[in-house]
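Notes for the structure review
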Amino acid sequence: MSVLVTGGAGYIGSHVVRLLQERGEEVVVVDDLSNGRTQRVGDARVLQLDLATDAAHPALVSAFAEHGVEAVVHFAARKQVGESVQQPARYWSQNVGGTANLLQAMADGGVGKLVFSSSAATYGAPATDVVREDGPAEPINPYGQTKLVGEWMARAAGVAWGLRSASLRYFNVAGAGWDDLGDTAVMNLIPIVFEALDAGRAPVVFGGDYPTPDGSAIRDYVHVLDLAQAHLAALDHLAADERPHDVFNVGSGSGSSVLEVLAVVREVTGVDVEPEVRERRAGDPPRLVADVSRISETLGWSTTKDLRDIVDSAWRARKA
Ligand code: WQD
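Keep in mind it's a predicted model, so treat the numbers as computed, not measured.

Turning our eyes to something else, we now look at the packing of helix H8 (residues 258–269) against helix H10 (residues 307–319). Packing of H8 against H10 leaves a shortest axis separation of 9 Å and a crossing angle of 55°. Taken together, H8 and H10 sit at an angle that is classed as oblique. Every pair of crossing elements has a handedness; the one defined by H8 and H10 is right-handed. In contact with Glu260, Val261, Val264, Val265, Glu267, Val268 and Thr269 of H8, H10 contributes Leu307, Arg308, Val311, Asp312 and Trp315. Residues of the contact of H8 with H10, tallied by class, amount to seven nonpolar, one polar and four charged.

Okay, structure coming up:
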């Protein structure tokens, strides 16, 4: 099978590219290289392209034909929640506009299978302990809105011209499957804590008064390699199944608090710094944990790695 991976030179995308290559598939990467790095994708062909531009449609249609592309995995997007609040139009144009161009090119190029990177940010601040795909999706920032719209667009393309798609709602992704594919951005809890420790600063805990057992916020952490495997499971499902569109949570199904993450970081790094507990960060839900029954029952996927593996692999990649 030949697979085109948008955003394939990024942190998560490059893990999927490598797994596909290990399986012997031909991979074509489309990336604007704003955050992506070509050295992450091995010998995959790289097409440097911003999906939100007018050049995208013709370039994609010819890449589909040239490489006999049968399926697309679509990562390419802006992904910072705070930035999306400051610059909503940029998020609409990049994430929604880019996806619209991609879907039109797939329709015109006859590529009928899509795995779409969605996010737990589509849920907003849920009222339930675990979130299910058929529960309310009420995103509270433009980033989450663009991901929910992306899911709708994929679904609509299924109705309009028969696209078969799976949207994967990622929970808190961290870790590294290979030392050279670690997350180089310092935007999420674990990399931020590492950065603080290396600089000799105390890690900051946003909120110590949440209605949780230790007062810090709870998230569902998933190892990037497990997450990448979920994409291969979704591709196999689309090749075998007739359903037009499905949404799947991709998480571990269990939550860890910020303080629990910090305890694991202390174990792994051997650095013991007392954290500084500050005010809650605006817009943070107290608890966001996946119900993972749909993905385990439908795709046969579940996590194989725990929080210790996540922190340990992230730390090794950082030090490599
Ligand atoms: C995790 C927890 C923070 C930094 C975001 C997006 C989500 C998805 C993943 C893309 C929170 C706390 C953090 C720090 C802290 N992204 N924290 N001290 O906000 O759960 O999810 O990234 O799809 O859509 O919203 O991730 O890593 O920022 O925070 O206490 O220095 O750690 O408040 O409770 P978040 P995060």
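Under the criterion given, the structure shown has 21 salt bridges. Here arginine 45 and glutamate 66 are joined by a salt bridge, their closest N and O atoms 3.5 Å apart. Linking arginine 45 in strand E3 (residues 45–48) with glutamate 66 in helix H2 (residues 56–67), this pair joins segments that are 21 residues apart in sequence. When its relative accessible area of 44% is taken as the criterion, arginine 45 is described as partly exposed. Its relative accessible area of 54% is what places glutamate 66 among the exposed residues. Across the pair arginine 169 and glutamate 151 runs a salt bridge, and its minimum N-O distance is 2.7 Å.

The end-to-end C-alpha separation of helix H1 (residues 11–22) is 17 Å, in line with the 16 Å expected for twelve residues at 1.5 Å each. Within H1, ten of the twelve residues are buried, which leaves it mostly tucked inside the rest of the structure. Listed as buried for H1 are Tyr11, Ile12, Gly13, Ser14, His15, Val16, Val17, Arg18, Leu19 and Leu20. On its buried face, H1 is in contact with strand E1 (2–6), strand E2 (26–31), strand E6 (164–170), strand E7 (172–174) and helix H7 (224–240). Just beyond H1, the residue with positive phi is glycine 24, at close to 85°.

Attention now moves to the environment of valine 30. Tracing the sequence through the fold places valine 30 in strand E2. Sequence-wise, valine 30 and aspartate 50 are 20 residues apart; in three dimensions their C-alpha atoms are separated by 8.3 Å. Residue contacts for valine 30: discarding those within four places in its chain leaves Leu4, Val5, Thr6, Gly7, Gly8, Leu47, Leu49, Leu51 and Leu60.

Glancing now at the nonpolar core. Nonpolar side chains in soluble globular proteins tend to be buried together. Within the largest apolar cluster, 37 residues are counted, with the highest numbers of intra-cluster contacts made by Val5, Ile12, Leu20, Leu168 and Val173. Of all the elements in the fold, those that place two or more residues in this core are E1, H1, E2, strand E4 (71–74), E6, H7, strand E11 (245–250) and helix H9 (293–299). For this core, the domains that each give at least three residues are domain 1 (2–173 + 222–250) and domain 2 (175–220 + 252–319). Residues contacting valine 5, with those up to four places away along its chain left out, are Gly13, Val17, Leu20, Val27, Val28, Val29, Val30, Val73 and Phe75. In this structure, Val28, Leu60, Ala105 and Leu163 belong to the second largest nonpolar core, which totals 24 residues.

Here the focus is the site of the ligand. Contacts to the ligand come from 17 residues, most closely from Tyr143, Leu189, Val204, Arg219 and Asp284. Residue valine 204 places a main-chain N or O atom 2.7 Å away from a nitrogen atom belonging to the ligand. In the model, an oxygen atom of the ligand is placed 2.5 Å from a nitrogen or oxygen of the aspartate 284 side chain. Relative to its unbound accessible area of 690 Å², the ligand is 87% covered by the protein chains. For the shell around the ligand, the per-class residue count stands at eleven nonpolar, three polar and three charged. Of the residues that make up the shell around the ligand, three or more belong to each of domain 1 (2–173 + 222–250) and domain 2 (175–220 + 252–319).

Whenever strands of a sheet pair, they do so through backbone hydrogen bonds, lying parallel or antiparallel. Sheet architecture is open: three strands sit in the order E12-E9-E14, paired in mixed fashion. In this open sheet, the two strands that pair with only one neighbour each are strand E12 (256–257) and strand E14 (287–288). The sheet contact formed by strand E9 (residues 218–219) and E12 spans two bridges and is antiparallel. Bridge pairing links arginine 219 to serine 256 in E12.

Helix-helix packing is described using two parameters, namely the angle between the two axes and the distance between the axes. Two elements in contact, helix H6 (residues 189–198) and H10, have axes whose closest approach is 11 Å; the angle formed by their N-to-C orientations is 55°. Considered as vectors, H6 and H10 are oriented oblique to each other. Considering how the two elements wind past one another, H6 and H10 form a crossing that is right-handed. Contacts from Ile190, Pro191, Phe194, Glu195 and Asp198 of H6 reach H10 at Ile310, Val311, Ala314, Trp315, Arg318 and Lys319. Taken together, the residues of the contact of H6 with H10 break down into seven nonpolar, no polar and four charged.

How each quantity is defined
- Within each chain, residues carry numbers counting from 1 in the order of the written sequence.
- Totals for whole chains, interfaces and linings use every residue, but because this is a predicted model, local features are given only for residues with pLDDT of at least 70 and side-chain atom pairs only at 80 or more, for both listing and counting.
- Note: side-chain values were computed over all heavy atoms of the structure, leaving out hydrogens and water.
- Note on geometry: axes are lines fitted to C-alpha atoms, helical ones only across the stretch in contact, with angles between N-to-C directions running from 0 to 180 degrees.
- Only DSSP runs of H or I covering at least 4 residues are called helices, and only runs of E covering at least 2 are called strands; the numbering of each starts at the N terminus.
- In what follows, roughly perpendicular refers to angles from 65 to 115 degrees, roughly parallel to angles under 35, roughly antiparallel to angles over 145, and oblique to any angle outside these ranges.
- Left-handed describes a crossing whose near helix is turned anticlockwise from the far helix by less than a right angle; the clockwise case is right-handed.
- Between two residues, a contact is recorded if the distance between any of their heavy atoms is within 4.5 Å.
- Lys, Arg, Asp and Glu make up the charged group, whereas Ala, Val, Leu, Ile, Met, Phe, Trp, Tyr, Cys and Pro make up the nonpolar group; the residues left over, Gly among them, are polar.
- Definition used for salt bridges: Asp or Glu carboxyl oxygen within 4 Å of a side-chain nitrogen of Lys or Arg.
- Throughout this description, buried means an accessible area under 20% of the type-specific maximum (1.4 Å probe, protein chains only), exposed means over 50%, and partly exposed covers the range between.
- Here, expected helix span is obtained from the residue count minus one, scaled by 1.5 Å.
- We define the nonpolar core as a collection of buried residues of types Ala, Val, Leu, Ile, Met, Phe, Trp, Tyr and Cys that are connected through side-chain atoms lying within 4.5 Å of one another.
- A domain assignment, automatic or from a database, supplies the domain bounds used here.
- Note on definitions. A residue lies near a molecule or strand when any single heavy atom of the residue is within 4 Å of it.
- Here a polar contact means two N or O atoms within 3.5 Å. Within protein one must be a hydrogen donor candidate and the other an acceptor candidate, and residues neighboring in sequence count only if both atoms are side-chain atoms.
- Methods summary: accessible areas were calculated by the Shrake-Rupley approach with a probe of 1.4 Å, and residue burial reflects only the protein chains presented.
- A pair of strands is treated as paired once DSSP finds two or more bridges between them.

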